[in-house]
Amino acid sequence: MIERKIRYDGSTVEINATLISQTATRMDIIHYIEDPFTMEGDGYAISITTAHYTRASYWFDRPYNVYRWFDANHQLVAAYFNIVGTTSFTNNILSFEDKIIDVLVLPDGQTFVLDE
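Presented here is an overview of the structure given in this document.

Quick notes on the rules
Residues numbered from 1 in each chain as written. Predicted model: local features only at pLDDT ≥ 70, side-chain atom pairs only at ≥ 80, totals over all residues. Heavy atoms only, no water. Core = buried A, V, L, I, M, F, W, Y, C linked by side-chain atoms within 4.5 Å. Buried < 20%, exposed > 50% of the residue type's maximum accessible area, 1.4 Å probe, protein only. Helix = DSSP H or I, 4+ residues; strand = E, 2+ residues; numbered from the N terminus. Contact = heavy atoms within 4.5 Å. Salt bridge = Lys/Arg side-chain N within 4 Å of Asp/Glu carboxyl O.

So, about the nonpolar core. Among the nonpolar cores identified, the biggest contains 23 residues, and Ile46, Trp69 and Leu104 are the most heavily contacted of them. Of all the secondary-structure elements, those providing two or more residues to this core are strand E4 (26–32), strand E6 (44–48), strand E7 (53–59), strand E8 (64–70), strand E9 (76–90), strand E10 (93–105) and strand E11 (111–115). In terms of residue count, the dominant contributor to this core is E9 (four residues). Leaving out residues up to four positions away in the same chain, isoleucine 46 has contacts with Phe37, Thr38, Met39, Trp69, Ala78, Leu104 and Leu106.

Okay, here's the thing in structure tokens:
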């Protein structure tokens, strides 16, 4: 399946993912990191590498989704809450409208509000 993020500027990003579970109101997927990245801000810095993977949950009736990043030892690296518009699943494409504000939560409980 494909996860399609529609950015606030209208551009899109697509990644390959595997469906874990689905109900009428929620989907859970997993995908492996192909493009490493680092998130840095005031008080935090995390690097997500190709050794990491993502478990993500999407709700069709809620204004958010959540990514949980894990390392190769299956230890939680961080959770990332996206504030979103419409989320839908059609023709094997999970699509969501990504808004600007996000929340990053580290395993020690530190929380950061992010503004792309």
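There's plenty left to go through after this.
On to the side chain of asparagine 65, then. When you line up the elements, asparagine 65 lands in strand E8. Setting aside its immediate chain neighbours within four residues, asparagine 65 contacts Ser57, Tyr58, Trp59, Tyr80, Phe81, Asn82, Val84 and Phe96.

Let us look at the pattern of salt bridges. For the structure on display, the rule yields three salt bridges. Residue glutamate 14 is joined to arginine 4 by a salt bridge in which the shortest nitrogen-to-oxygen separation is 2.6 Å. Placement of the pair is glutamate 14 in strand E2 (residues 12–16) and arginine 4 in strand E1 (residues 2–6), with a sequence separation of ten residues. Residue aspartate 98 pairs with lysine 5 through a salt bridge whose shortest N-O separation is 4.0 Å. You can see aspartate 98 sitting in strand E10 and its partner lysine 5 sitting in strand E1, a full 93 residues away along the chain. The burial state of aspartate 98 is the same as that of lysine 5; both residues are buried.

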